[in-house]
Amino acid sequence: MSADKENLATKDVASLKESEAAEELARLVSEIAHHDRLYHSADAPEISDAQYDELRQRNDAIEARFPALKREDSPSERIGAVPTSGFKKVPHKVAMLSLGNAFSKEDVSEFLQRVCRFLSLSEIPMILAEPKIDGLSCALHYHHGKLVLAATRGDGNQGEDITANVATIADVPKSLAGSGWPEILEVRGEVYMERAAFQSFNAEQEAKSEKIFANPRNAAAGSLRQLDPKITAKRPLRFFGYAWGEVSQPLGKTLAQARAKLTDWGFTVTRPTTITSTLEELIAYYEGVLSSRAELPYDIDGIVYKVDRLDLQERLGFVSRAPRWAIAHKFPAEKAETILHEIHIQVGRTGSLTPVAHLEPITVGGVVVSRATLHNEDEIARKDIREGDHVIIQRAGDVIPQVVSVVAERRDGKSKPYSFPDTCPECGSHAVREEGEVVKRCTGGLICPAQAVERLKHFVGRQAFDIEGLGDKQVKFLFESGRIVRPGDIFRLEEADQRRADRLQNHPGWGKLSTENLFGAIEIRRGVSFDRFIYALGIRHVGRENARLLARNYGHPKAMLSALDAAADREGEAYQELLAIDGIGPIVADAVVAFFTEPHNREVVEDLITELAIEAFEIADTSGSPVAGKTVVFTGKLEAFSRDEAKARAETLGAKVAGSVSKKTDFLVAGPGAGSKAKKAEDLGIQVLSEDDWLKLIGDKV
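Residues numbered from 1 in each chain as written. Predicted model: local features only at pLDDT ≥ 70, side-chain atom pairs only at ≥ 80, totals over all residues. Heavy atoms only, no water.

**Quick word on the overall build of the protein chain**
From N to C terminus, the protein chain includes 25 helices and 26 strands. Over its C-alpha atoms the protein chain spans a radius of gyration of 26 Å, differing by no more than 12% from the 27 Å that the globule rule assigns to 702 residues. Dimensions of the protein chain, computed from the C-alpha atoms along their principal axes, are close to 75 × 65 × 60 Å. Put simply, the protein chain has 702 residues, and 53% of those count as buried. Of the contacts formed within the protein chain by residues at least 6 apart in sequence, a portion of 71% connects residues at least 24 apart. When the accessible surface of the protein chain is totalled, it reaches about 30200 Å², and 50% of it is carbon and sulfur. Within the protein chain, one finds 91 positive and 106 negative side-chain charges whose respective centroids are separated by 2 Å. (Helix = DSSP H or I, 4+ residues; strand = E, 2+ residues; numbered from the N terminus. Rg over C-alpha atoms; globule rule 2.2 N^0.38 Å. Buried < 20%, exposed > 50% of the residue type's maximum accessible area, 1.4 Å probe, protein only. Contact = heavy atoms within 4.5 Å. Areas by Shrake-Rupley, 256 points an atom, 1.4 Å probe, with all protein chains shown as cover. Lys, Arg positive; Asp, Glu negative; His and termini not counted. Charge placed at Lys NZ, Arg CZ, Asp CG, Glu CD.)

Spelled out as structure tokens, the structure:
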């Protein structure tokens, strides 16, 4: 960190060093995951949407500046939460993605510029703006005009079958009105509860001494997840339709046309809307809706901007968890004053010591907040945060709210500055802060139980092996009781349990049925995709996106291990090949090589390989593509497409896109201004194509 000790958590993204950015992404991961589970699965958030959005914004900004550091366990790769076990799971044929966020006029301007850059447009295309409803996402499937299935978003790839419950909502057509609807139509939207209805409903719940909900969104979600549809039918639920997933025929050429058809077929669409191609008019619309927000009968938490032309949406496509053609402009954060009772230190899976403020619970915007992140040692010192302080918290972050400032005038004169520990609170090992690092780390490594438990939690988590029944409490118990020490032990748990006198099923909270279900869930997960396997290992700086890049490049574990052994020679060809992967920078490359060449880690990996059936990385069927399996490098200025669109197009055709030229490069696509890469390609005898040559090769129009 810089000499002036500027706090990393509040440091401007543009001034972050690469090592600082990596630490920030790691911090954001742990903060967001907890609240994602509370929000999506338990319908009981501890923080506001605004707080959640603020952390998400910072995470996305860092990833945009340092794409090589992108972690797949970061918020940008998570959509929701794993479906609960009370409903049948339903796969989404078209993924239900989330949206990127904007928080200022500048953010919206940057979104519009990104659209224009990607599409190589000189003018902003028409943008449709609509309110962002604060409800529960839902997908309605119609076959031949009849409702046949309704599902929650879940984790974006699969949700919960809530057909019987959704069928009780008056706004949801059981049969489509009008004519001209597709044979297959999946309408997506939000289930919500109007504020007046929510207040009446909560009053009834209180009168019956039953559960009181914090806000209309939680009430809607809880009502929709009732196992008895008769209970859902008594709840005042509504539905807005505003998008679609699987369809057997196009709904029009623009969003505006599609919305008109949805209205004709019996759906209520979000209003008010506007369509414009200027930033000023979008912001004027945003400010107008914000000023009249209280007059709307339902809660909204922002405005969504979408490219109106559907053909442009298709070209823009998606990145990570979100479409490139849409963004949510969130409303400002809310703040409140409360008391900070204690500062607790949490130890992460990489040994990072993270301070968390335990607060006097307070309701901010309808959500009870009892914890807040303090980020790191410098954050505490910069703001002079002390135990016992009255503090201002801001409800505007990805998962955990943050302490904005201290109300110093309310101190009693007895408080003392907080002293950050020099030892790990879990194992007693020294905690050190390396040069250029923002956090202190426990040096205990493999002997630190907190790190071991956190690594195991990561391994079984939703984005990794996703083992149902192995939550945080279960993992901690299994570790502390000596049943699971390293990941491979998970897949030997049933066999080991049969040899123990204290069988798992005899412990409180387990039982025979839950134990059998756990063993079954573990067995199902013996088959795992190569990219999930890499991600689950918890390699520093390697999230889901980097895990996919590695899996795509190496194909299967044996090839990767062999290549990374060779990559230990930083001057060798194998290391250069690793660096050439588009999106993998030196920090990630060094972390990957260090992990796989460390003896203890290698032992864990090889142990897992003997227990698992790891699937080779699957690439979409591109058998008809002339560039399938080829490695392509783009350089110079492209004219028909932007560089990003060219890369995205190449990958859809099955090509590997590299960032630098090597012996394994098949094609160099060189536009005007190509420099050293073109020279190196010629020296290596690699085929150099003009942009027109490339377009002819892949069959696109010149």
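**Describing unusual backbone geometry**
Residue Pro-272 is reached from Arg-271 by a cis peptide bond, and omega for that bond is 5°. Structurally, Pro-272 is set in the loop between helix H8 (255–264) and strand E9 (274–276). Residue His-375 is not a glycine yet carries a positive backbone phi of 70°. Along the chain, His-375 turns up in the loop between strand E16 (367–373) and helix H11 (377–383). Phi is positive for Asp-466, close to 50°, though the residue is something other than glycine. Relative to the helices and strands, Asp-466 resides in the loop between helix H12 (449–460) and helix H13 (472–480).

**Quick look at the sheet that holds strand E13 (residues 326–330)**
A sheet is described by the order of its strands in space; here five strands give the open sequence E2-E13-E10-E3-E9, paired in mixed fashion. This sheet does not close on itself; its edge strands, each paired only once, are strand E2 (100–102) and E9. Averaged over all pairs of adjacent strands, the angle between strand axes in this sheet comes to 30°, irrespective of strand direction. The sheet contact formed by E2 and E13 spans three bridges and is parallel. Across the sheet, Gly-100 pairs through a bridge with Ile-327, a residue of E13. Across the sheet, H8 touches strand E3 (127–133), E9 and strand E10 (300–307), and the angle it forms with E3 is around 50°. Contacts from helix H9 (residues 279–291) reach E3, E9, E10 and E13 within the one sheet, and its direction differs from that of E10 by about 160°. (Pairing = 2+ DSSP bridges. Axes fitted to C-alpha atoms, helices over the stretch in contact; angles between N-to-C directions.)

**Some remarks on the pairing of strand E25 (residues 667–670)**
Across the two faces of E25 the burial is the same, with Phe-667 and Val-669 and Leu-668 and Ala-670 all buried. Bridging between strand E23 (residues 631–635) and E25 involves four bridges; their strand directions are parallel. Looking across to E25, one finds that Phe-634 is bridged to Val-669. Note: E25 against strand E26 (residues 687–689), three bridges, orientation parallel. Within E26, the residue paired with Val-669 across the bridge is Leu-689. For the crossover that starts at E25, traverses helix H24 (residues 676–684) and ends in the parallel E26, the hand is right-handed. (Right-handed = clockwise from strand over helix to strand, strands pointing away.)

**Quick word on the sheet that holds E25**
Pairing within the open sheet is parallel, and its four strands lie in the order E24-E23-E25-E26. Since the sheet does not close on itself, it has two edges, and those belong to strand E24 (656–658) and E26, each with one partner. Taken over all neighbouring pairs, the strand axes of this sheet differ in orientation by 30° on average, direction set aside.

**Things to note about the nonpolar core**
Ranked by size, the top nonpolar core spans 71 residues in total, and within it Ile-490, Phe-533, Ile-534 and Phe-596 carry the most contacts. Top element by residues in this core is helix H21 (residues 586–597). It accounts for six residues. Residues in contact with Ile-490, not counting those within four places in the same chain, are Leu-456, Phe-459, Val-460, Ile-467, Leu-470, Ile-484 and Ile-522. Counting residues in each nonpolar core, the second largest holds 31 residues, with Val-172, Phe-198, Phe-201 and Ala-258 among its members. (Core = buried A, V, L, I, M, F, W, Y, C linked by side-chain atoms within 4.5 Å.)

**Focus: the packing of aromatic side chains**
Taken as a whole, this structure holds 14 aromatic pairs when the rule is applied. Look at Phe-318 and Trp-325: their rings are 6.3 Å apart centre to centre, the planes differ by 70°, and that puts the pair in the edge-to-face class. Accessibility expressed as a relative area gives 47% for Phe-318, which makes it partly exposed. Look at Trp-325 and you get buried, because its relative accessible area is 15%. (Phe/Tyr/Trp six-rings, centres within 6.5 Å; stacked < 30°, edge-to-face > 60°.)

**Overview of the confidence of the model for the protein chain**
Looking at the protein chain, the pLDDT average stands at 86 and 90% of residues meet or exceed 70. In the model, residues 79–83 has pLDDT below 50 throughout and makes 30 contacts with residues more than four positions away in sequence or in other chains. (pLDDT = per-residue confidence, 0-100.)

**What to know about the pattern of salt bridges**
Two side chains with opposite charge may pair up if their charged atoms get near one another. A full pass over the atoms with the stated rule returns 48 salt bridges. Two residues, Lys-89 and Glu-468, come together in a salt bridge whose shortest N-O distance is 3.4 Å. Here the residue Lys-89 occupies a position in strand E1 (residues 89–91), and Glu-468 occupies one in the loop between H12 and H13, the gap between them amounting to 379 residues. The exposure class assigned to Lys-89 is partly exposed, which follows from its relative accessible area of 27%. A salt bridge links Arg-492 to Asp-607, with the nearest nitrogen and oxygen atoms 3.0 Å apart. Of this pair, Arg-492 sits in the loop between helix H14 (487–490) and helix H15 (493–498) while Asp-607 sits in helix H22 (residues 599–611), placing them 115 residues apart in sequence. Here the salt bridges do not stand alone but share partners, grouping Arg-486, Asp-489, Arg-492, Glu-523, Arg-526, Glu-603, Asp-607 and Glu-611 into one network. (Salt bridge = Lys/Arg side-chain N within 4 Å of Asp/Glu carboxyl O.)

**Section: H9**
If you check H9, its first and last C-alpha atoms are 18 Å apart, about what 13 residues at 1.5 Å a residue would give, namely 18 Å. Those residues of H9 that sit buried are Leu-279, Leu-282, Ile-283, Tyr-285, Tyr-286 and Val-289. One side of H9 holds all its buried residues, which, seen down the axis, span an arc of 155°. Facing away from the buried side of H9 by over 90 degrees, the exposed positions are Glu-280 and Ser-291. Contact partners of the buried residues in H9: helix H3 (105–119), E3, E9, E10 and E13. (Expected span 1.5 Å × (residues − 1). Arc of directions from axis to C-beta.)

**Comments concerning the environment of Val-688**
By the element assignment, Val-688 lies in strand E26. On the basis of relative accessibility, which here comes to 34%, the residue Val-688 falls in the partly exposed class. If we skip the residues at most four places from it in the chain, Val-688 touches Leu-668, Ala-670, Ala-681 and Glu-682.

**What to know about the environment of Glu-454**
Secondary-structure assignment places Glu-454 in helix H12. For Glu-454, a relative accessible area of 26% puts it in the partly exposed group. Glu-454 sits 104 residues away from Thr-350 along the chain, and the two C-alpha atoms are 8.5 Å apart. Once residues within four sequence positions are removed from consideration, Glu-454 is found in contact with Val-347, Gly-348 and Arg-349.

**Focus: the environment of Ala-221**
With respect to the helices and strands, the residue Ala-221 is situated in helix H6 (residues 216–224). Taking relative accessible area as the criterion, Ala-221 reaches 0% and is therefore assigned buried. It is 9.3 Å that separates the C-alpha atoms of Ala-221 and Ser-137, two residues lying 84 residues apart in sequence.

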